[in-house]
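Summary of structural features
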Amino acid sequence: MNALPFTLYVSFAGAVLALAAGARSAQAARIVALGTALTTFALALWAATDFVPAAGLQTLVNAEWIPQLGVRYHLAADGISMTLVVLTGLAAVVGVLFSWNIEHRTGEFFALYLALIGGVFGVFLSADGFVLFVFYEIAIVPKYFLIANWGSTNREYGAMKLVLYSFAGSALVMAGMIWAWAAAGGGNFGLAELAAAAGGFSRLEQLGMFALLFTGFAVLAGMFPFHTWAPTGHVAAPTAASMLLAGVVMKLGAYGCLRVAMVTFPAGLEYFAPVIAWLAIIGIVYAGLVALVQEDFKFVIGYSSVSHMGFVLLGLAAANPVAVSGAVLQMFSHGVIAGLLFAVVGRMVYERTHTRKLDDLRSMPLHRLLPFAAVAFVIAGLASMGMPGFSGFPAELTILIGTWKTSPLWALVAATGVLIAAAFTLRAIQVSFFGKTDGWAGPLGPPSSERPEAARPAVVPSPHAHDLTPITWPEKAGAILLIAAMVYVGLNPDSLLDWIRPALESPLMRAALTGGAS
Amino acid sequence: MTLSYAELFRALLPETALVLGALVVLGFDLATGRARTGAQRLRVATGLGLAALLAAAYGTLAAGVGGSVFGGVLILDNLTLATRLGVVVLAGLTLAMLPGVARLRHPAEYVAIVLLATSGFTLMAAAQQLLVIFLAIELASLSLYILAGFDKSKPESAEAGLKYFLFGGMSAAFLLFGFSLLYGMTGAIDLPHIAMQISLLGMSPLLVIALAMIITAFGFKAAAAPFHLWAPDVYQGAPVSASALIASASKLAGLVVFTRLLWPGLGFSAGRVMEWPIVVGWLPLVAVLALASMLLGNIGALAQSNVRRLLAYSAIAHAGALLLGVLAAGRAGPGPVFYYAATYGLATVGAFGVVAIVDRAGRCQDLGDLAGLFRRSPFLAGVLAIFVLSLAGIPPLAGFFGKFAVFASVLKAGSLNGPAGWLTFAAIALSAVALYYYLLILKQALVAKPAEGATPIATPLPAFLALLVSALLIVLLGLFPAPVLELFS
């Protein structure tokens, strides 16, 4: 347990070291980054071994920081934080592995990457509103530079849009947070203290503060209609950044919704739950349908992330312990699955074929050329569709069961999203990896002996398919780690649910999660 | 009332050190300058100037904290102490960025005038009587007019100097008119007596006119909309270090002197904006200026393609946020607004320092002139990122905490029960807009490729140290803001 705060210290220290190492050589920066990420992951796992699930946050550090505003450097964890910290550690390691081929300004890339990771760890471990907000904003700015510098399609636009959306969301959070703090007397930023004081606010204040905080965090969670940054941002981002964005950064938003907005203002949650639920359902269905017609492989995955995050928000809005435990499980599950999907699309396929157009991919038999990528994508796709045996299945099932308890109608409509997910995932698998093989001329075009001048227009060698290098070891290691995680949690969801459920038993959580129980 | 000249001398130690320092700089240059090159003369003058600033800092500490001095002409409290140290540090950083960077035909004169301006700032920090306030402001302003127009080789510099002088002179007239009305009504020129008289007299139309005059003058000094028109042209045309001084130390001292004038002096005529209904006084006027500045500054900055003009509009936007801090200073004390102004000054001095060094290596007017800075000088790109992100209010940098503390102090004073709370919400929303134009600067510096034929940029050692110190201070004050706030609690 006490190792948890070191995850964030190690990340920030690693960021500085990577910058210094990058000035010497790219390889040094990579090794520093991998070492840092492995250390944080090991620290998270080590902390998990002696973590005793209990109701309520268990304090890790609690020191005075800015007494004039009542800010304490208070870090704490419960089962929810623990789950997400382990996810972040895993995503950090895998992200480094999938960025192994970054040659351009490597040190700076990993410095920004590790600073982002440090901010994410910090958010998941904060028990003080101010501290949480500081880490939340620290996690925003690196994204701009990661995407604008190392991204691809329309990267400067995607980066700016993503950062401005995130920052607008965080401005709402800041307004809500300061307002609540001031209304509580301006003496304490602790989340528990704010929640305790919130009962005394007028109803209008509670609703207003909840709306500001929830909307602000939900922007980052990709809630419809504030989701439009997500597909463009994911598509523009370099592989590791889109893995992190979908894998952990969107979870920051959902986590903030739960930990700050819902727990502090149960009255607001009760009032707005139907609105949130329907927005979540629209997100699930709409983003799924949009994913179905995308022509860019990465956009399919980008919209699928929005759709899957809709399940998280739906689980939160259902506001009962079953649905919320499912939502947290889905955060973990989607973090792992989206990570693998983006890794296959962005790194294994795009950086070899230099195209993400499904039409172009259709004409290359990638399942023969990149069998490992095909297998990994099929597994990730099955997991994403909710195939039993993978983590997506228990997560979405738990959410739907929990949601049914609150409102069967919500559950029924949302369940169509599962079908749509199956449709767009199968389409992506079929078109990208198992496209037609006849007429394709091999990676170098047809051999010259079989190439009569007259036949040339009929068989055009793909201009992109000339450097299909084999899958490298870091890619294989990263993919295997992610697959192992999704299978382990899929077969043994209680490994995480045993952490999550007790966390929902704390008095604050109980007060918030009454939906459907009555 | 006993008047002790020894006490007065002790209280004025920093000003004495600075004025003597200015004379030494001039004298030394006169005696030895003929035999030296311009660069050597600048180095010597800067060295002497820094020594004078060090002596002023020592004098500030020696004067200490001791309440009213010389029958209430000056006041030595924690705010005075902190502000004097703040302006000395900011002026020192500005000076240290001169050698090897600025092209000056009369280096010793430039440094001497910077010292004289600084003595004006330190006097503003301590002034507690209308005449001394006016004198201190004019001493500082006249020095700054000269600095703005110092570069005689460029017509833009002359334009900047003239514009700044005309606007500043006008604002001085407004200020003097306001002061004379105050004196006419209260029969006093020291702030404690004025406060007492106003509490007895209550609000009157004449007082409203006096307040409007004073706030107008304040608006000119702080570059608050709608009195901001001089700022973009001056920032663009003046020598970079003069712009830096105008934006940083001058702003800090001005804000402190006006906070002192408005709250302890005219607090009884403040009116009300923290709760509904609004009551007439200077608070509503300041609130209007704050809103106008934040709107105009942030939206105006979006359209800028010139770095210096962009920084000018950013300064206007920050002036709006600072005025919010002035509103809250009545209940929250001057801590948040001082912290904001001081750390804003550090970031601005740093940003202008980088602009000056890039300018020296070629040209630094358009945003595109910063392109590829990360290749041309990784150090400059790195510190520029710290300064600009601090201006944008990104944690853990000091600019974030300043913004947060000011907003928190306003909401704590009135929550959403009055216009001030809604003004704060507007400020928070506009800070999200601001990130866009700050990222435009960083996009050029950190993302864009260098232009054809762009050469690496060398940073002279003194400027390197000054930039490093500014960046470190921004990070450290951002991580540990408590000691600064503790001064005022």
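1. Notes on the overall build of chain A
For chain A, the helix and strand inventory stands at 22 helices and 2 strands. Computed over the C-alpha atoms, the radius of gyration of chain A is 23 Å, within 12% of the 24 Å expected from 2.2 N^0.38 for a compact globule of 518 residues. Its C-alpha atoms give chain A principal-axis dimensions of roughly 85 × 55 × 40 Å. A burial count over chain A gives 64% of its 518 residues as buried. For chain A, the distance from the average site of its 25 positive side-chain charges to the average site of its 25 negative ones is 5 Å.

2. Overview of the overall build of chain B
Each helix and strand counted, chain B has 21 helices and 2 strands in total. A compact globule built from 489 residues would reach a C-alpha radius of gyration of about 23 Å, and chain B, at 21 Å, matches this within 12%. If one aligns the C-alpha atoms of chain B with their principal axes, the spans along those axes are about 70 × 55 × 40 Å. Looking at the 489 residues of chain B, the share that counts as buried comes to 63%.

3. Here we look at the layout of surface pockets
By volume, the largest pocket amounts to about 1,800 Å³. Together, 47 residues line the largest pocket, and Val16(A), Leu19(A), Leu112(A), Ala115(A) and Ile386(B) are the ones closest to its centre. Put simply, the parts of the chain that give the lining of the largest pocket at least two residues each are helix 1 (4-24), helix 4 (106-125), helix 5 (129-138) and helix 6 (141-150) of chain A together with helix 16 (373-376), helix 17 (378-392) and helix 20 (461-479) of chain B. Of the residues belonging to the lining of the largest pocket, the class tally is 39 nonpolar, 5 polar and 3 charged. If you add up the space inside the second largest pocket, you get close to 470 Å³. Lining the second largest pocket we find 24 residues, and of these Ala102(B), Arg103(B), Pro239(B), Val240(B) and Asp359(B) sit closest to its centre. For the lining of the second largest pocket, the secondary structure elements donating two or more residues are helix 11 (240-247) and helix 15 (335-360) of chain B. Ranked by residues supplied to the lining of the second largest pocket, first place goes to helix 15 of chain B with 6 residues. Residue classes in the lining of the second largest pocket are distributed as 12 nonpolar, 5 polar and 7 charged.

4. Thoughts on the pattern of salt bridges
Scanning the model with the defined rule gives 23 salt bridges over all chains in all. For Arg501(A), the salt bridge goes to Asp498(A), with nearest N and O atoms at 3.7 Å. Taken together, the positions of Arg501(A) and Asp498(A), both in helix 21 (residues 494-503) and 3 residues apart, correspond to about one turn of that helix. A salt bridge links Glu159(B) to Lys163(B); its shortest N-O distance comes to 3.3 Å. In this pair, Glu159(B) and Lys163(B) are both assigned in helix 7 (residues 155-186), 4 residues apart and thus about one turn of the helix distant. Look at Glu159(B) and you get partly exposed, because its relative accessible area is 41%. One connected set of salt bridges, linked through shared partners, spans Arg347(A), Glu351(A), Arg352(A) and Glu475(A).

5. Structural notes on the packing of helix 3 (residues 79-98) of chain A against helix 21 of chain A
Residue and element names in this part refer to chain A. Relative to each other, helix 3 and helix 21 sit at 145°, their axes nearing to 7 Å. Together, Gly79, Ile80, Met82, Thr83 and Val86 of helix 3 and Leu496, Trp499, Ile500 and Ala503 of helix 21 make up the contact between the two elements. The class makeup of the residues in the contact of helix 3 with helix 21 is 7 nonpolar, 2 polar and no charged.

6. Details of the packing of aromatic side chains
Scanning the entire structure with this criterion turns up 47 aromatic pairs over all chains. Look at Tyr110(B) and Phe150(B): their rings are 4.9 Å apart centre to centre, the planes differ by 75°, and that puts the pair in the edge-to-face class. A residue pair is termed long-range when its members are at least 10 positions apart, and Tyr110(B) in helix 5 (residues 107-126) and Phe150(B) in the loop between helix 6 (130-148) and helix 7 qualify at 40 residues. Residues Tyr110(B) and Phe150(B) agree in their burial class; the two are buried. Taken together, the ring pairs in this structure connect Trp65(A), Tyr73(A), Phe130(A), Phe133(A), Trp181(A), Phe189(A), Tyr339(B), Phe400(B), Phe401(B) and Phe404(B) into an aromatic cluster. Lying across the ring of Phe374(B), Arg105(A) places its NZ or CZ 3.3 Å from the centre. The residue whose ring lies beneath Lys476(A) is Phe372(A), and the NZ or CZ to ring-centre distance is 5.8 Å.

7. Examining the interface of chain A and chain B
On the side of chain B, 35 residues touch chain A, which itself brings 35 residues to the contact. For chain A, the biggest contributors to the area lost against chain B are Gln68(A), Phe167(A) and Met174(A); these three give 18% of the whole. The interface formed by chain A and chain B includes 1 salt bridge. Between Glu156(A) and Lys443(B) there is a salt bridge, with its nearest N and O atoms 3.4 Å apart. At the junction of chain A and chain B, the tally comes to 7 residue pairs in polar contact (both at pLDDT 80 or more). Going through the elements one at a time, strand 1 (58-66), helix 5, helix 6, helix 7 (155-183) and helix 9 (203-220) of chain A are the ones with two or more residues in the side of chain A that touches chain B. With 13 residues, the single largest contributor to the side of chain A that touches chain B is helix 7 of chain A. Classifying every residue of the side of chain A that touches chain B by side-chain character gives 26 nonpolar, 5 polar and 4 charged.

8. Notes on helix 8 (residues 191-198) of chain A
Residue and element names in this part refer to chain A. Every buried residue of helix 8 is accounted for by Leu191, Leu194, Ala195 and Ala198. Mapping the buried residues of helix 8 onto a view down its axis gives an arc of 100°, with all of them on the same face. Check the buried side of helix 8 and you find it contacts helix 5, helix 7, helix 9, helix 11 (239-264) and helix 22 (507-512).

9. Considerations on a nonpolar patch on the surface
Residue and element names in this part refer to chain B. Among the surface-exposed residues, Leu461, Leu465, Leu468, Leu472, Leu476, Leu479 and Phe480 lie close enough to one another that they form a single nonpolar patch of about 640 Å² accessible area. Note that Leu476 resides in helix 20. You can call Leu476 partly exposed: its relative accessible area is 47%.

10. Focus on the pairing of strand 1 of chain A
Residue and element names in this part refer to chain A. Taken together, the 7 bridges between strand 1 and strand 2 (residues 71-77) define a ladder with antiparallel strand orientation. The residue of strand 2 that forms the bridge with Val61 is Leu75. A loop of 4 residues connects strand 1 with strand 2, the two strands running antiparallel in sequence, and Gly70 in this loop sits at a positive phi of about 75°.

11. Regarding unusual backbone geometry
For the peptide bond that leads from Phe224(A) to Pro225(A), omega is 0°, which places it in the cis range. The step from Ala225(B) to Pro226(B) runs through a cis peptide bond, and the omega angle for that step is 0°. Inspection of the secondary structure puts Pro226(B) in the loop between helix 9 (205-222) and helix 10 (230-237). Residues other than glycine seldom take positive phi values, yet Ala319(A) does so here, at roughly 55°. On the secondary structure map, Ala319(A) appears in the loop between helix 13 (297-318) and helix 14 (321-353). A relative accessible area of 5% means that Ala319(A) is categorised as buried. Positioned with a positive phi, His354(A) is a non-glycine residue whose angle comes to about 60°. Examined against the element boundaries, His354(A) turns out to sit in the loop between helix 14 and helix 15 (358-362). Judged by its relative accessible area of 40%, His354(A) is partly exposed.

12. A few points about the side chain of Asn306(B)
All names here are of chain B. Relative to the assigned elements, Asn306 resides in the loop between helix 13 (282-302) and helix 14 (307-332). Relative accessible area serves as the criterion here: at 6%, Asn306 is assigned to the buried category. Only 2.8 Å separates the side chain of Asn306 from the backbone nitrogen of Arg308, close enough to count as a polar contact. Not counting residues within four places of it along the chain, the set of residues in contact with Asn306 comprises Gln236, Gln365 and Asp366.

13. As for the environment of Leu191(B)
Residues and elements named next belong to chain B. Mapped onto the secondary structure, Leu191 falls in helix 8 (residues 191-201). Separated by 73 residues in sequence, Leu191 and Pro264 have C-alpha atoms that sit 7.1 Å apart. With residues near it in sequence (within four places) discarded, Leu191 still touches Gln128, Leu130, Ile133, Arg260, Leu261 and Gly265.

14. Some points on the environment of Glu109(B)
Residue and element names in this part refer to chain B. Looking at the element boundaries, Glu109 is found in helix 5. By relative accessible area, Glu109 is classed as partly exposed at 30%. As a C-alpha pair, Glu109 and Lys251 span 142 residues in sequence and 23 Å in three-dimensional space. Residues in contact with Glu109, not counting those within four places in the same chain, are Leu26, Asp29 and Phe150.

15. Concerning empty space enclosed by the protein
Residue and element names in this part refer to chain B. Summed over the entire model, instances satisfying the criterion amount to 14 cavities of 30 Å³ or more. Of the voids in this model, the largest cavity is the one considered here, and its volume is about 180 Å³. The wall of the largest cavity is formed by 19 residues, among which Asn298, His318, Tyr340, Lys403 and Ser431 lie closest to the centre. Contributing elements (two or more residues each) for the lining of the largest cavity: helix 13, helix 14, helix 17, helix 18 (398-414) and helix 19 (419-447). In terms of residue count, the dominant contributor to the lining of the largest cavity is helix 19 (6 residues). Grouping the constituent residues of the lining of the largest cavity by class yields 12 nonpolar, 6 polar and 1 charged. The set of elements that each furnish at least two residues to the lining of the second largest cavity consists of helix 5, helix 6, helix 9 and helix 12 (249-265). By residue number, the principal contributor to the lining of the second largest cavity is helix 12, which donates 5 residues. Tallied by class, residues from the lining of the second largest cavity come to 10 nonpolar, 3 polar and 2 charged.

Analysis parameters
Residues numbered from 1 in each chain as written. Chains lettered and ligands numbered in written order. Predicted model: local features only at pLDDT ≥ 70, side-chain atom pairs only at ≥ 80, totals over all residues. Heavy atoms only, no water. Helix = DSSP H or I, 4+ residues; strand = E, 2+ residues; numbered from the N terminus. Rg over C-alpha atoms; globule rule 2.2 N^0.38 Å. Buried < 20%, exposed > 50% of the residue type's maximum accessible area, 1.4 Å probe, protein only. Lys, Arg positive; Asp, Glu negative; His and termini not counted. Charge placed at Lys NZ, Arg CZ, Asp CG, Glu CD. 1 Å grid on protein atoms, 1.4 Å probe; cavity = no way out; pocket = protein on both sides within 12 Å on 5 of 7 lines; lining within 4 Å. Points joined across faces, edges and corners; volume = space filled by probe spheres on them. Nonpolar A, V, L, I, M, F, W, Y, C, P; charged D, E, K, R; others polar. Salt bridge = Lys/Arg side-chain N within 4 Å of Asp/Glu carboxyl O. Axes fitted to C-alpha atoms, helices over the stretch in contact; angles between N-to-C directions. Contact = heavy atoms within 4.5 Å. Phe/Tyr/Trp six-rings, centres within 6.5 Å; stacked < 30°, edge-to-face > 60°. Lys NZ or Arg CZ within 6 Å of the ring centre and 35° of its normal. Buried area = accessible area lost by both parts, 1.4 Å probe. Polar contact = N/O pair within 3.5 Å; in protein donor to acceptor, adjacent residues only side chain to side chain. Arc of directions from axis to C-beta. Patch = residues over 30% accessible without salt bridge, like charges linked within 9 Å, V, L, I, M, F, W, Y side chains within 5 Å. Areas by Shrake-Rupley, 256 points an atom, 1.4 Å probe, with all protein chains shown as cover. Pairing = 2+ DSSP bridges.

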